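# Topology and contacts: notes
In case you want the letters, here they are:
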Amino acid sequence: GTGAQDRFSGSGHATGSRIGRIRALCIERNRLIMRQFSFFGTSISIAARVRIALLVLQLAAVVLVGAGQWSTGFPLDDSWIHQQVARTFAETGTLGLYPGQHGSGATSYLWALLLAVNYLWFHVSPVMFTHSLNAALFLASGQMLLSLLLRDGLSPTRACVDAVLFSVAANAVWFVVSGMEATA
């Protein structure tokens, strides 16, 4: 009859109200989970603790994987091509390998523009600047993934586990020290 049709077609009032009730229950569950707790004498939500735990694990992964790379250079020659394009752009305004010769030496001009900031204003080691920029973008991507998972209705525990799995994957962490634009 019409009840079965409403249940399976998705167009009936019964289905819409059931989905609405389920959504409301999920939102209420997450609201209760996110309430404040005392942590070392400070009130901190579970969500904040999850974020801090993820951040600590991300930092540990970056330190473990990139321990020797921060001072020795880049593992790929393409990273140095990006540096050359960034330096040429900062010094001459030409987005290419050589002054006055616009070209496609880099795979990502946006990355070269971000790296040019170092040559324009900071003047620190290109390796340190690039690794720091990549690390910051990597940390931000893990935190944004966690936010998306929580907003999607996953429990804080499940969202944290999923974000941690992304954040400690060896290939994702390796990109931080690669000097390439993979985390941008």
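Residues numbered from 1 in each chain as written. Predicted model: local features only at pLDDT ≥ 70, side-chain atom pairs only at ≥ 80, totals over all residues. Heavy atoms only, no water.

### Some thoughts on the overall build of the protein chain
Scanning the protein chain from N- to C-terminus turns up nine helices and two strands. In the protein chain, the order of α-helices and β-strands from amino to carboxyl end is α-α-β-β-α-α-α-α-α-α-α. Relative to its full complement of 184 residues, the protein chain shows a buried share of 33%. For the protein chain, the accessible area works out to roughly 10,800 Å², and carbon and sulfur atoms hold 66% of it. (Helix = DSSP H or I, 4+ residues; strand = E, 2+ residues; numbered from the N terminus. Buried < 20%, exposed > 50% of the residue type's maximum accessible area, 1.4 Å probe, protein only. Areas by Shrake-Rupley, 256 points an atom, 1.4 Å probe, with all protein chains shown as cover.)

### Section: the nonpolar core
Val50, Leu54, Leu146, Leu149, Leu150, Ala159, Cys160, Ala163 and Val164 together form the largest nonpolar core, which totals nine residues. Of all the elements, helix 8 (residues 156-167) adds the most residues to this core, at four residues. Each residue touching leucine 149, except ones within four places of it in the same chain, is listed here: Leu154, Ala159, Asp162 and Ala163. (Core = buried A, V, L, I, M, F, W, Y, C linked by side-chain atoms within 4.5 Å. Contact = heavy atoms within 4.5 Å.)

### Re the environment of leucine 139
Checked against the element boundaries, leucine 139 lands in helix 7 (residues 126-151). Between the alpha carbons of leucine 139 and leucine 59 there is a distance of 7.7 Å; along the sequence they are 80 residues apart. With near-sequence residues (within four places) excluded, leucine 139 lies in contact with Leu55, Gln58 and Leu59.

### Points about the environment of alanine 112
Take alanine 112: it is sitting in helix 6 (residues 109-122). Assessed through its relative accessible area of 0%, alanine 112 is described here as buried. Considering only alpha carbons, one finds alanine 112 and glutamine 83, 29 residues apart in sequence, at a separation of 6.9 Å. Once residues within four sequence positions are removed from consideration, alanine 112 is found in contact with His82, Val85 and Ala86.

### Describing helix 8
Quick reminder: α-helices carry 3.6 residues per turn. Residues three or four places apart thus point the same way. Here helix 8 spans 16 Å end to end across twelve residues, near enough to the 16 Å set by a 1.5 Å rise per residue. Inspection of helix 8 places Pro156, Ala159, Cys160, Ala163, Val164 and Ser167 among the buried residues, and these make up the whole buried set. For helix 8, the angular spread of the buried residues around the axis is 130 degrees, confining them to a single face. Turned more than 90 degrees from where helix 8 packs its buried face, Thr157 and Leu165 sit exposed. (Expected span 1.5 Å × (residues − 1). Arc of directions from axis to C-beta.)

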